[in-house]
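Breakdown of the fold
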Amino acid sequence: ATPTAVMVGTGVGASQGVLIKGGQALESAHKVDCIVFDKTGTLTIGKPLVVNTRLLKNMVLREFYELIAAAEVNSEHPLAKAIVEYAKKFRDEENPVWAEAKNFESITGHGVRATVQNKEIIVGNKSLILKKGIGISIDADEILTEVEELAQTGILVCIDGQLTGILAISDPLKPGAHEVISILKSMKVKSIVVTGDNWGTANSIAKEVGIDDVIAEAKPEDKAEKVKELQASGRVVAMVGDGINDSPALVAADVGMAIGAGTDIAIEAADIVLMKSNLEDVITAIDLSRKTFTRIR
Ligand code: ADP
Ligand code: MG
């Protein structure tokens, strides 16, 4: 393609809300034959909601949520925000003041821990609870499986070393996500999901969206590692993500695509920014590149 064609291509992209950072990014996109998608905030809307509470001990729901909110209000994680938002329903005020959390600790990719009203509160995934040496009963495990089969995330709550409840949190697929994946398939582009969420939920979401290839419980390094592994097998890889934890993979990919509504760090790490945060624009970007680089040789 001529420099003029590249300029035109980049301009057309910009006018459609697909920000392409330079000619190299536009060129690489037409060779992409494999896309790694982050789950939360990329395939899903990214605004999780608490949809169910399963108490395992006799406790008043309002008191249960008082303790959890006091801990989670100190976390920036989208799941924490969903939990605090839900806890507000048990209060009359618009912006309630939560109890003080002492010794707050955020365990990245796992959850939080704090002391609230002299009780030890742990909120997080199964691996965090097991790491703290707290037992998970067969009943609790069954609830978790049920929740995950519904493509929801199960968050475990421990109070003073006792598993006390499980929250079911739902973050639905973006509208049109399934169509985007099937169009990519028809364009001979393979799709993969990589997420920090658990295997059960990840598999259910992947099934819903029509993706067979899943990697769950992935740390940021694991996401980048998967990209490199695919490249080593001869594939030209795009990564689509929105979070800080996606940035190493966005950098490693042949084409990193950030969701516009994502974190600044992801946007900075990417070669292409999807300003409208639409998944359809993954196709727009590849189409534009194919048109620019196959018309004139
Ligand atoms: P994702 O790729 O889904 O954004 P993260 O690596 O941020 O995943 O988190 C992985 C998992 O750790 C979450 O799905 C959740 O189970 C748990 N987790 C992380 N932060 C929190 C938190 N503040 N409260 C409860 N659970 C959390
Ligand atoms: Mg994400």
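Residues numbered from 1 in each chain as written. Chains lettered and ligands numbered in written order. Predicted model: local features only at pLDDT ≥ 70, side-chain atom pairs only at ≥ 80, totals over all residues.

**A word on the sheet that holds strand 1 (residues 18-20)**
To be explicit about the condition: At least two bridges found by DSSP between two strands is the condition for calling them paired. A helix here means a DSSP run of H or I that spans at least four residues, while a strand means a run of E at least two residues long, and both kinds are numbered starting from the N terminus. For helices, the fitted line uses only the C-alpha atoms of the stretch in contact; every axis is such a line through C-alpha atoms, and the angle between N-to-C directions lies from 0 to 180 degrees. Two residues form a contact once the distance between their C-beta atoms, set from the backbone, is within 7 Å.
The strand order 1-13-12-11-2-9-10 describes an open sheet built from seven strands, whose pairing is mixed. Single-partner strands in this sheet number two, and they are strand 1 and strand 10 (213-215). Adjacent strand axes in the sheet meet at a mean angle of 20°, parallel and antiparallel pairs treated alike. Across five bridges, the pairing between strand 2 (residues 34-38) and strand 9 (residues 190-194) is parallel. Paired with Cys34 across the bridge in strand 9 is Lys190. Running over the sheet, helix 10 (residues 220-232) touches strand 2, strand 9, strand 10 and strand 11 (237-241) and is turned about 160° from strand 11.

**Brief notes about the pairing of strand 7 (residues 153-159)**
Short version of the rule: Our exposure labels follow a C-beta count within 10 Å of each residue's own C-beta, placed from the backbone: buried means 20 or more other C-beta atoms, exposed means 12 or fewer, and partly exposed covers the counts in between.
Counting buried positions along strand 7 yields seven of seven residues, so the element is predominantly enclosed. The alternating pattern of strand 7 places Thr153, Ile155, Val157 and Ile159 and Gly154, Leu156 and Cys158 on opposite faces, both of which are buried. Note that strand 6 (residues 119-124) and strand 7 share four bridges and pair antiparallel. Each residue of the ladder has a partner; that of Ile122, found in strand 7, is Cys158.

**Re the environment of Met7**
Assignment of secondary structure puts Met7 in helix 1 (residues 3-15). In sequence terms Met7 and Glu217 are 210 residues apart; their C-alpha atoms lie 40 Å from each other.

**Quick word on the nonpolar core**
In plain terms, the rule: When buried Ala, Val, Leu, Ile, Met, Phe, Trp, Tyr and Cys residues are joined through C-beta atoms within 7 Å, the set is termed a nonpolar core.
Judged by nonpolar contacts, the single largest core of 52 residues is most densely connected at Met239, Met257 and Ile272. Sequence-distant contacts of Ile272, that is, excluding residues within four places in its chain, are made with Val18, Leu19, Ile20, Lys21, Ala25, Val255, Met257 and Ala285.

**Some details on the site of ligand 1**
The condition is simple: What makes a residue near a molecule or strand is its C-beta atom, placed from the backbone, lying within 6 Å of it. Amino acid classes used here: Ala, Val, Leu, Ile, Met, Phe, Trp, Tyr, Cys and Pro are nonpolar; Asp, Glu, Lys and Arg are charged; the rest, including Gly, are polar. Domain segmentation is taken from an automatic or database assignment of domains.
Near ligand 1 you find 21 residues, and of these His77, Ala80, Gly109, Asn125 and Gly196 are the closest. At the level of secondary structure, the elements contributing two or more residues to the shell around ligand 1 comprise helix 3 (39-43), helix 5 (78-87), strand 5 (111-116), strand 6 and strand 7. Residue classes in the shell around ligand 1 are distributed as five nonpolar, 13 polar and three charged. Here the shell around ligand 1 spans two domains, since at least three of its residues come from each of domain 1 (3-45 + 172-295) and domain 2 (49-170).

**A closer look at the sheet that holds strand 5**
The strand order across the open sheet formed by six strands is 3-8-7-6-5-4, and the pairing between neighbours is antiparallel. Edge positions in the sheet fall to strand 3 (49-55) and strand 4 (101-107), since each of these pairs with one other strand and no more. Going from strand to strand, the sheet's axes swing by 20° on average, the running direction of each strand aside. With six bridges connecting them, strand 5 and strand 6 associate as antiparallel partners. Each residue of the ladder has a partner; that of Val112, found in strand 6, is Val123. Helix 4 (residues 61-72) contacts strand 3, strand 4, strand 5, strand 6, strand 7 and strand 8 (162-170) of the sheet and is inclined by roughly 75° relative to strand 6. Contacts between helix 7 (residues 138-149) and the sheet are confined to strand 3, strand 7 and strand 8, with strand 8 contributing the most and set at about 5° to the helix.

**With respect to the domain arrangement of the protein**
Interfaces are often sized by the accessible area lost when the parts come together. Under the domain assignment, the protein is made up of domain 1 (3-45 + 172-295) and domain 2 (49-170). Between domain 1 and domain 2, the C-alpha centre-to-centre distance is 32 Å. The greatest single-element share of the side of domain 1 that touches domain 2, amounting to five residues, is contributed by helix 9 (residues 199-209). The class makeup of the residues in the side of domain 1 that touches domain 2 is two nonpolar, six polar and three charged.

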